[in-house]
Amino acid sequence: MKIDKLGAWRRSHYSADISPELDGQEVIVFGWVQEIRDLGGLRFVILQDKNGQLQITIHKNKVVAEVVEKAKTLQKQYSIGVKGKVKTMKNAPGGVEIVPNELRIFSVSEQPLPLDITGRTKAEIDVRLDARVLDLRREENQAIFRIQHAALQAVRAFLSKQGFMEVFTPRIIVSATEGGAALFPVAYFTREAFLAQSPQLYKEQLSLDFEKVFEIGPFFRAEESHTRRHLSEFISVDIEQAFANAEDVMNVLEELIHDVCKYVADNCKRELELLGHKIVVPEIPFKRLTYREILEELENEKIHINWGEDIPTAAYRVLGKLHPYYYFITDWPTKAKAFYIKPNDDNPELSEGFDLMWHWVELSSGGARIHDKELLMKRLAEQGLSTESFKTHLATFDYGMPPHAGWGLGLARMVMVLTGVKNIREVVLFPRDQFRLTP
RNA sequence: GCCCUGGUAGUAUAGUCAGGCCUAGUAUAGGCGGCUGUCGCCCGCCCGACCCGGGUUCAAAUCCCGGCCAGGGCGCCA
């Protein structure tokens, strides 16, 4: 098979830009063969590019013989370029088609393909992930990541407008003692280091310099979680704000969620249609329920949880039925939260930590932080952590650490909500879990 | 880590409970041929599979044991 060169060809239009008004105009389009319908003397090639699909129509007697012959060799997923004339045609999809004058084949594909790129014959998630780049040819899957992109644009725009500055903290950290979740070890020259599981300590420190910071980046947890909402590598959206309390950053969070939902609903109509999903832009403020109120509600549902205990998944599922929307859970017991979460000034048994829930899924957790060094050291000790391994972190509390608060939001979980997709693996390009390290 | 369910052509499934009529059916993909308005095109022909190992039995895709792999639930999870 002779492979053509790109040469001087450059795209004149994306598929979505080809409209009946362009009738008679010569265009150059690029993309991949999605489908071929051969009617004998008439052949339809459906070309797909990043914006949609377009019909290339090859009449045996109306197209030059060279193109007719070449078009016969096309297979699904061939990467091609077409130079031709736009033709208005009521029988064609979208009322328009391309009549080719010249066809270039840039790359061929192996047949049969490992999965059906049209999606008509469904493939299991495992098969799909093994051939992920092919799986991502499907418009529904591309829609998920365009929605993620839109959400990220909205996040950056909103936080920047609110005066937050984007920062990057280290992925390689030295201490394995930040908290409960297991860390991945890394060989760091002659020493052992770890992949960061959160930007927590660094973003707190940076609140001392920049007051309002945010970070969007990957973090790593070596948990043997086997669920549809956990991965070993995940993208977290984090903020930290100086001179603020829990309520202040909860306000930021709910306004952010509102903005993101609105932006995606307004700007991703085609994507949402492809996914068959509707976004209901939530009203703010979100409902705030205290931990105690949650326990009482669960008690009414015949689920007993002792005060101070964490809430098991089954109980969260019940809560999700009672509150099928976004809501905060506040006033968690101090002992159920991380060492850096600030205890309430009046009642230190309770903390200023919160979770943002959507139905039964935790999207975000955050709170006011301890900025008093003595108290922080006391909390470390209570949780069985050594102050020695937090020495460099604790030192920053001697330099005028302001009162501060913040949260971390799981990007993929947010995208699951925005797309209606039920498995986190589907909303991550190349997901990593306990059992999957490739592709 | 514990538990449940499953593994049949490239993909997706039927068949397994009640072993034999399964030289394993169907759809789709793929190959060849035909077809000038398809849009899940259509028609004909063809190709192609019982996860691996052991056992029970006259007989195993089907039952049993072990292994590997996968999906899911729980737990874990700043």
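Up top you'll find the structure we're talking about.
Not measured: the values here are computed from a predicted model.

A.B. asks: Can you help me understand helix H6 (residues 246–267) in this one?
C.D. replies: Spacing of three or four residues puts side chains on the same side of an α-helix, whose turn is 3.6 residues. For H6, spanning 22 residues, the distance from its first C-alpha to its last is 31 Å, which sits close to the expected 32 Å at 1.5 Å a residue. Of the residues making up H6, those classed as buried are Ala 246, Val 249, Met 250, Val 252, Leu 253, Glu 254, Leu 256, Ile 257, Val 260, Cys 261, Val 264 and Ala 265. For H6, the capping residue at the N-terminal end is Asn 245, with a side-chain oxygen 3.1 Å from the backbone nitrogen of Glu 247.

A.B. asks: In this structure, what is going on with the layout of surface pockets? I would like to understand it.
C.D. replies: Empty space among the atoms becomes apparent when a probe as large as a water molecule is rolled across them. The space that makes up the second largest pocket amounts to roughly 360 Å³. In terms of lining residues, the second largest pocket is bounded by 14 residues, among which Trp 358, Trp 360, Val 361, Met 416 and Lys 422 are the most central. Top element by residues in the lining of the second largest pocket is helix H12 (residues 411–419). It accounts for three residues. Across the lining of the second largest pocket, the residue classes break down as six nonpolar, three polar and five charged.

A.B. asks: Please clarify how the sheet that holds strand E13 (residues 326–330) should be interpreted in this entry.
C.D. replies: Strand pairs in the sheet, formed through backbone hydrogen bonds, run parallel or antiparallel to each other. The mixed open sheet is built from eight strands, whose spatial order is E6-E10-E11-E16-E15-E14-E13-E12. A strand with exactly one partner marks an edge of an open sheet, and here the two such strands are strand E6 (165–166) and strand E12 (287–290). The sheet contact formed by strand E15 (residues 361–368) and strand E16 (residues 404–410) spans five bridges and is antiparallel. When the sheet's bridge partners are listed, Gly 367 is paired in E16 with Gly 406. Set on the sheet, helix H8 (residues 291–300) makes contact with E12 and E13; between it and E12 the angle comes to about 80 degrees.

A.B. asks: What exactly am I supposed to notice about the pairing of strand E3 (residues 52–59) here?
C.D. replies: Within a regular beta strand, the side chains point alternately toward one face of the sheet and then the other, so they alternate between its two faces. Most of E3 is tucked away: six of the eight residues are buried. Where strand E2 (residues 42–49) and E3 come together, eight bridges link them in antiparallel fashion. Bridge pairing in E3 places Val 45 opposite Ile 56.

Rules of the game
Residue numbers here run from 1 along each chain, matching the order of that chain's written sequence. Chains carry letters from A onward and ligands carry numbers from 1 onward, assigned in written order. Local features in this predicted model are restricted to residues whose pLDDT is 70 or higher, and side-chain atom pairs enter the listing and the counts only when it is 80 or higher, whereas totals over whole chains, interfaces and linings include all residues. Working from all heavy atoms in the structure, the side-chain values ignore hydrogens and water. Here a helix means four or more residues in a row that DSSP labels H or I, a strand means two or more in a row labelled E, and each is numbered from the N terminus. One fewer than the residue count of a helix, multiplied by 1.5 Å, yields its expected span. Think of it in three bands: residues with accessible area under 20% of the maximum for their type are buried, residues over 50% are exposed, and the middle band is partly exposed, with areas taken using a 1.4 Å probe on protein chains only. Within 3.5 Å is the distance limit for a polar contact, defined as a pair of N or O atoms, with the added protein rule that one can donate a hydrogen and the other accept it, and that residues adjacent in sequence qualify only through two side-chain atoms. Put simply, the grid is 1 Å and covers the protein atoms alone, a cavity is a trapped set of points that fit a 1.4 Å probe, a pocket is an open set with protein on both sides within 12 Å along at least five of seven lines, and lining residues have an atom within 4 Å of a point. Grid points are joined across faces, edges and corners, and a volume is the space filled by probe spheres set on the points. Nonpolar residues are Ala, Val, Leu, Ile, Met, Phe, Trp, Tyr, Cys and Pro. Charged residues are Asp, Glu, Lys and Arg, and all others, Gly as well, are polar. Pairing between strands is defined by DSSP: at least two bridges between them are needed. Note on contacts: a residue pair qualifies if any of its non-hydrogen atoms lie within 4.5 Å across the two residues. Each axis is a line fitted through C-alpha atoms, and for a helix only the stretch in contact is used; angles between axes span 0 to 180 degrees, taken between their N-to-C directions.

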